[in-house]
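Observations on the three-dimensional arrangement
Now for the letters of each chain:
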Amino acid sequence: MAFEGLSAKLQNVFKNLRGKGRLSESDVKAAMKEVKMALLEADVSFKVVKSFINDVTERAVGQDVLNSLTPGQMVIKIVNEELTKLMGDETVEIELKSGNEPTIIMMCGLQGAGKTTMAAKLAGKFKSKGRKPLLVACDIYRPAAIEQLRINAEKVGVDFFQMGTGHAPVDIVKAALNHAKAENENVVIIDTAGRLHIDEEMMQELITIKEEIKVDHTLLTVDSMTGQDAVNVAEAFNSKLEITGVILTKLDGDTRGGAALSIKFVTGKPILYIGTGEKMGDVEQFYPDRMASRILGMGDILTLIDKAEAQYNEEKSKELEKKIRKAEFDFNDYLEQIENMRNMGGLSQIMEMLPGMGMGNVNLNDFDADQGEKGLKMVESIIHSMTAKERANPDLLNPSRKNRIAKGAGVDIADVNRMVKQFYESRKMMKQMSGMFSGKKKGKFKLPFGFGG
Amino acid sequence: MSEEIENSGKKEKKGFFSRLAAGLAKTRHSISSGLSSIFSAFSQIDDDFYEELEETLIMADIGVNATMEIMDNLREKVKENHIKNPEECKQLLIDSICEQMSVPEDAYEFENKPSVVMVIGVNGVGKTTSIGKLAGQLKNSGKRVIVAAADTFRAGAIDQLATWTERAGVELISQSEGSDPAAVVFDAVNAAKSRKADVLLCDTAGRLHNKKNLMEELRKINKIVDREYPDAYRETLVVLDGTTGQNALAQAKQFGEVADITGIIITKLDGTAKGGIAVAISKELSIPVKYIGVGEHIDDLQKFDPRSFTEALFAGEEDNQK
């Protein structure tokens, strides 16, 4: 159920409401039924959904519908705001001690959540911030877990400590701390074996580490695809180990990730990082507002905007925005956009972040990124075959110029025609988009899309 | 570690049902404690009763759609048969879920023919572990087994599989980390043919089902088996993590687009996860669940029995004494 689905359903619920201007109790209740379904489909825990729906209903009843919004949008706005509030109001950074005093971080979680991979990713992240991390292998059970951590430690270029499978984890940690001291390492990340939260014996192993060593951060790693059980897992780990933060993994999948909300709700502990891919650099800060949108199925459009913003300098984008507004956007800008888009991680990554894309019903398999890249290359070669004047003034193009360009780029004139047509279309679309998003508090939507090809 | 295997071998003698019951104890406890209280708290079948029931099913990860269908079906049957008693209603529910999850008669045919079993799934669901257990079980039943280490991506994956195959005493075909998985499968298929192996088990790298390139790689691997070993009986098992929520459906669907899925393994059912996704998948995709994983021991990978699974799931506390 993508956002479009929820949105359409809400429009349906409110179709008789047009012009009333205020949300009545029965309207809100009907809408909340749909929201409830959407949240359950996103794997938010039933208990959490129930309590959330009650709160939001209370808040929404009697609300004036803002002029610019339909009642359905108004409900989504309220739901999204409440959801964001629940997810935590701000991004939380993990606190590292200053100087050479080591910060001790212990990973924990169920089997297969991604602890070992994430431990190495975090080490890489801290290293890039100028820290000196040490990875400690305490998974003495899973075959080759130590080897996995060793290889990943090598990949991110940080030191690695192990004592094989014959020692108790608490003893390994103690020895590792001495090692860290001797090597002046100031972040110690302990990888532990995956364990069931109801396995008393295995949980005791971690409790012992916490009793004997001053662990600064106990991080629960959770697979973002977890279903209703997320509450049980989080509750158990939190009550036994007093976790300090949560890491969500495998968010590069198409899960809506309702587990995030459940975990935050039952533990109250911040979600710190998210795992977004197989590469060691694929670890990101957690943004509560974006996760809220994702759970509701609104895509991660904010991440997209953020990524786009990072690529532009402010002035340039202002200029660009002006151009878009006036539809002065020319081929030079178009070319630049293509480059920027590449820098952002390529077409498929951007597509995945758009609402509805890569989520549930819409299948990214339908979109062929390679084909898209080929198309982009052709667009580039066509633009490169234009004169400076033509690039700055797209209206100049006439059949004979197009013919010359086609020859220069080694393509058919039909390709040139198509590309020019697309250029005008995306210019038009951009103008509309810039208008659409200009009212939003998160800043203006500055990313023009020319999906050529 | 080898002691552990011997131990687990002895435990096997305790009988399949007692092990299943033990593994599912927590599962059963959580779902049935919910259900039992519902069934006893209500003296008649009314809207509140249905609503509670619906909630319980959703909380078991059965999913909104499957739950709605199950409930509609239940309501209809209750009406048709003039059922007034919540206990009878419970039996109906068990029957209807059980029916949906039936395993076809030829589900384990691959054990009796020269076969290639591909094991696929997203990251961290337990593919390698499941293969290790399956290899051990097949070997113990006298089959000649070869295992292909086609997860050449994840650090340590080959070593992990090597440990398992060593324990099981079966042959492993592998190359170095980072090599082409298709080449590993090619080698393994030829080894299986020339050594007349009964079963070739192929481990593959975990891949999220929305990664197009990785899914294409799977298609390519399948093609190689098709081409090199056309006579082999083919079995393609998708491994799903029992704690996974609704996303497991998307996984099963999309793996089904690149591979001809013949069955599902649901792992990690020894936790508090209720495994309801198994019901949703049987219902929505008609792919049979063939194995469930209920623990760390080699015999904790069990053939899926819908009747005992469903009954164990729904049995009230007093029924456990039987």
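Our subject is the structure listed above.
In short, a report on the structure. (Residues numbered from 1 in each chain as written. Chains lettered and ligands numbered in written order. Predicted model: local features only at pLDDT ≥ 70, side-chain atom pairs only at ≥ 80, totals over all residues. Heavy atoms only, no water.)

**A closer look at the overall build of chain A**
The condition is simple: Put simply, DSSP marks the helices as runs of H or I at least four residues long and the strands as runs of E at least two long, and each gets a number from the N terminus on. When accessible area is computed with a 1.4 Å probe and restricted to protein chains, residues below 20% of their type maximum are described as buried, those above 50% as exposed, and intermediate ones as partly exposed. Should any heavy atoms of two residues lie within 4.5 Å, those residues are considered in contact. Reported accessibility uses the Shrake-Rupley method at a 1.4 Å probe radius. Residues are deemed covered only where the shown protein chains occlude them.
Regarding its fold elements, chain A presents 19 helices and eight strands. Buried positions account for 55% of the 453 residues belonging to chain A. Residue pairs in contact within chain A that sit at least 24 positions apart in sequence constitute 75% of those at least 6 positions apart. Accessible surface computed for chain A: about 19,300 Å², of which carbon and sulfur atoms make up 49%.

**Considerations on the overall build of chain B**
Helix and strand content of chain B: 13 helices and eight strands. Here chain B holds 322 residues, and the buried ones make up 58% of them. Summarising the internal contacts of chain B: among those between residues at least 6 apart in sequence, 77% fall at separations of at least 24. A total of about 12,800 Å² of accessible surface is found on chain B, and carbon and sulfur atoms cover 47% of it.

**Describing the sheet that holds strand β3 (residues 171-173) of chain B**
Residue and element names in this part refer to chain B. What counts, and what does not: Here a strand pair is declared whenever DSSP counts at least two bridges between the two strands. Structural elements are reduced to axes, namely lines fitted to C-alpha atoms, with helices fitted over the stretch in contact, and the angle between N-to-C directions of any two is expressed from 0 to 180 degrees.
What the eight strands build is an open sheet, ordered β3-β2-β4-β1-β5-β6-β7-β8; its pairing is mixed. Looking along the sheet, the strands with just one partner apiece sit at the ends: β3 and β8 (301-303). Put simply, the sheet's adjacent strands are angled 25 degrees from each other on average, direction ignored. Pairing geometry for strand β1 (residues 115-120) and strand β4 (residues 199-204), over five bridges, is parallel. Each bridged residue has a counterpart across the sheet, and for Val-116 the counterpart in β4 is Leu-200. Docked against the sheet, helix α8 (residues 157-168) engages β2 (145-150), β3 and β4, running at close to 170 degrees with respect to β2.

**Examining the interface of chain B and chain A**
Put simply, the test is: Buried area is a sum: the accessible area each of two parts loses on coming together, probed at 1.4 Å, counted once for each and added. In what follows, salt bridge is the name for a side-chain nitrogen of Lys or Arg lying within 4 Å of a carboxyl oxygen of Asp or Glu. Basically, the charged four are Asp, Glu, Lys and Arg, the nonpolar ten are Ala, Val, Leu, Ile, Met, Phe, Trp, Tyr, Cys and Pro, and anything else, Gly included, counts as polar.
Counting residues at the interface gives 45 residues for chain B, matched by 38 residues for chain A. The junction of chain B with chain A conceals about 3,600 Å² of combined surface from both sides, 52% of it contributed by carbon and sulfur atoms. For the interface between chain B and chain A, the tally reads two salt bridges. At the level of secondary structure, the elements contributing two or more residues to the side of chain B that touches chain A comprise α4 (47-59), α5 (64-80), α8, α10 (212-228) and α11 (247-258) of chain B. A per-class count over the side of chain B that touches chain A returns 13 nonpolar, 19 polar and 13 charged.

**Observations concerning the sheet that holds strand β1 (residues 103-108) of chain A**
Residues and elements named next belong to chain A. Read from one edge to the other, the open sheet built from eight strands follows the order β3-β2-β4-β1-β5-β6-β7-β8, with strand pairing classed as mixed. The outermost strands of the open sheet, each flanked by one partner alone, are β3 (159-161) and β8 (283-285). Averaged over all adjacent pairs, the angle separating strand axes in this sheet is 25 degrees, with direction ignored. In the sheet, strand β6 (residues 245-249) pairs with strand β7 (residues 271-275) via three bridges, with the strands oriented parallel. Bridging across to β7, Val-246 finds its partner in Ile-271.

**Structural notes on the packing of helix α8 (residues 200-212) of chain A against helix α9 (residues 230-241) of chain A**
Residue and element names in this part refer to chain A. Using the following cut-off: Orientation labels follow simple angle bins: below 35 degrees gives roughly parallel, above 145 gives roughly antiparallel, 65 to 115 gives roughly perpendicular, and whatever is left gives oblique. In this scheme, a crossing is called left-handed if the near helix is turned counterclockwise away from the far one by less than a right angle; it is called right-handed if the turn is clockwise.
Contact pair α8 / α9: the axes reach a minimum separation of 10 Å and the direction vectors enclose 40 degrees. The angle between α8 and α9 places the two elements in the oblique class. Crossing geometry of α8 relative to α9 is assigned as right-handed. Counting all contacts with α8, which are made through Glu-200, Met-203, Leu-206, Ile-207 and Lys-210, the residues of α9 involved are Ala-236, Phe-237, Lys-240 and Leu-241. Residue composition of the contact of α8 with α9, by class: six nonpolar, no polar and three charged.

**Focus on the environment of Leu-272 of chain A**
Residue and element names in this part refer to chain A. Its location among the elements puts Leu-272 in strand β7. Judged by relative accessible area, which is 4%, Leu-272 ranks as buried. For Leu-272 and Leu-248, which are 24 residues apart along the polypeptide, the C-alpha to C-alpha distance reads 8.2 Å. Those residues in contact with Leu-272 that sit more than four places away from it in its chain are Val-92, Ile-94, Leu-219, Gly-245, Val-246, Glu-284, Gln-285 and Phe-286.

**So, the packing of aromatic side chains**
Residues and elements named next belong to chain B. For clarity, the threshold we go by: Each pair of aromatic rings taken from Phe, Tyr and Trp, with Trp reduced to its six-membered ring, is defined by centres within 6.5 Å and is described as stacked if the planes are under 30 degrees apart, edge-to-face if over 60, and tilted in the remaining cases.
All told, the structure shown has five aromatic pairs over all chains when counted by the stated rule. Aromatic side chains Phe-49 and Tyr-50 sit 5.8 Å apart centroid to centroid with 55 degrees between the ring planes, which places their arrangement in the tilted category. With respect to burial, Phe-49 and Tyr-50 carry one shared label: buried. Pairing Tyr-108 with Tyr-291 gives two aromatic rings, centres 5.5 Å apart and planes at 75 degrees, and the pair type is edge-to-face. Taken together, the residues span a long stretch of sequence, with Tyr-108 in the loop between α6 (86-100) and β1 and Tyr-291 in strand β7 (residues 289-293) at a distance of 183 residues. This pair shows no difference in class: Tyr-108 is buried, exactly as Tyr-291 is.

**Topic: unusual backbone geometry**
Unlike most non-glycine residues, Asp-43 of chain A shows phi in positive territory, near 75 degrees. The topology assignment puts Asp-43 of chain A in the loop between α2 (25-41) and α3 (46-60). Look at Lys-196 of chain B: it is not a glycine, yet its phi comes out positive at around 50 degrees. With respect to the helices, strands and loops of the structure, Lys-196 of chain B is situated in the loop between α9 (181-194) and β4. A relative accessible area of 65% places Lys-196 of chain B in the exposed class.

**Looking at α5 of chain B**
Spelled out, the test is: Multiplying one less than the number of residues by 1.5 Å gives the expected span of a helix.
Between its first and last C-alpha atoms α5 of chain B spans 24 Å; for 17 residues at 1.5 Å apiece the expected length is 24 Å, and the two agree. A positive phi of about 50 degrees marks His-82 of chain B, the residue just after α5 of chain B.

**Looking at the pairing of β1 of chain A**
Residue and element names in this part refer to chain A. For β1, the tally of buried residues reaches six of six residues, placing the bulk of the element in the interior. With four bridges joining them, β1 and strand β4 (residues 187-192) adopt parallel strand pairing. By the bridge assignment, Ile-104 is partnered in β4 with Val-188. With four bridges connecting them, β1 and strand β5 (residues 217-223) associate as parallel partners. Bridging across to β5, Cys-108 finds its partner in Leu-220.

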